[in-house]
Amino acid sequence: YARVTIASTVFFFTVMFVAFPFIQPELDPLLRYGSEYASGRMGWLMKLNFFVWGAGLVAFAFAMGKGLDAEARSRVAVALFVVAGLGIFLSGIFDSDLQVLNESPPPLWIEPPPSDEQKLHILAGLAAFFSLMPGAGLVSRQLRIAGRMTGPYRWMRPLSWLLPVAFAAPIFLPPGLIGL
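The structure displayed is predicted, hence computed values, not measured ones. (Residues numbered from 1 in each chain as written. Predicted model: local features only at pLDDT ≥ 70, side-chain atom pairs only at ≥ 80, totals over all residues. Heavy atoms only, no water.)

### Considering the overall build of the chain
This is how the line gets drawn: Strands are runs of DSSP state E lasting at least two residues, helices are runs of H or I lasting at least four, and both sets are numbered from the N terminus onward. Partly exposed describes any residue whose relative accessible area lies between the buried limit of under 20% and the exposed limit of over 50%, with all areas from a 1.4 Å probe on protein chains only and scaled to the type maximum. Note on contacts: a residue pair qualifies if any of its non-hydrogen atoms lie within 4.5 Å across the two residues. Working definition of accessibility: Shrake-Rupley area with a 1.4 Å probe, residue cover restricted to the visible protein chains.
Counting secondary structure elements, the chain contains five helices and two strands. Along the chain, helices and strands appear, N-terminal first, in the series α-α-α-β-β-α-α. Taken over 180 residues, the chain has a buried fraction of 33%. When contacts within the chain are restricted to residue pairs at least 6 apart in sequence, long-range pairs at least 24 apart make up 66% of them. Summing over all exposed atoms, the chain offers an accessible surface of approximately 10400 Å²; the carbon and sulfur share of this is 73%.

Right, dumping it as structure tokens:
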């Protein structure tokens, strides 16, 4: 399970942040959410990206199920990661609508009324992120209590605190940096 988790994460971030700016240069990565790449000419690759990342999160959940104790918090953390993985997987099934930039002064993002597919994509994504955030916190807490947060793993707890910050950041970012 660990190899699947690591491979899926490396694949996701490599495709998302390294390959897509070259594969679809017409979509500026600073101006777009990652989900919008599923609407482009290479959208199948972004869909594959969602499927691989979702499978990796589920594999991580199974690995945690084997490695953590049977305490209720451990079971809750495993369940939250399964929900997160399934949410990411479903985000790949349902496409995100591509937002349109109105070039006339002042340039504004025009969001068409969301399609049913967009609504399902958002719902799956919210389920994933709202499961991933407490799941990561619970896992890092369990690992710290078990004495496994040593060496390179000691950074997991502060990183789990960054998930809510990363989720809320688009609210505060200007439109030209939404892709961050």
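Once you've had a look at it, read on.
### Section: the side chain of Asn-49
Secondary-structure assignment places Asn-49 in helix H2 (residues 43-67). Residues contacting Asn-49, with those up to four places away along its chain left out, are Phe-11, Phe-12, Val-15 and Met-16.

### What to know about a nonpolar patch on the surface
Quick note on the threshold: Exposure above 30% relative accessible area and the absence of a salt bridge qualify a residue for a patch, where like charges join within 9 Å and nonpolar side chains (Val, Leu, Ile, Met, Phe, Trp, Tyr) within 5 Å. A side-chain nitrogen of Lys or Arg and a carboxyl oxygen of Asp or Glu constitute a salt bridge if their distance falls within 4 Å.
The grouping of Phe-13, Phe-17, Val-18 and Phe-22 at the surface amounts to a nonpolar patch, some 450 Å² of accessible area in total. Positionally, Val-18 belongs in helix H1 (residues 2-23). By relative accessible area, Val-18 is classed as partly exposed at 48%.

### Brief notes about helix H4 (residues 116-145)
What counts, and what does not: Residue count minus one, scaled by 1.5 Å, sets the expected span of a helix.
Taking 1.5 Å per residue, 30 residues should reach 44 Å; H4 reaches 44 Å between its end C-alpha atoms and fits that length. Positive phi appears at Gly-147, one or two residues downstream of H4, with a value of about 80 degrees.

### Thoughts on the environment of Trp-44
By the element assignment, Trp-44 lies in helix H2. With 48 residues separating them along the chain, Trp-44 and Gly-92 place their C-alpha atoms 9.1 Å apart.

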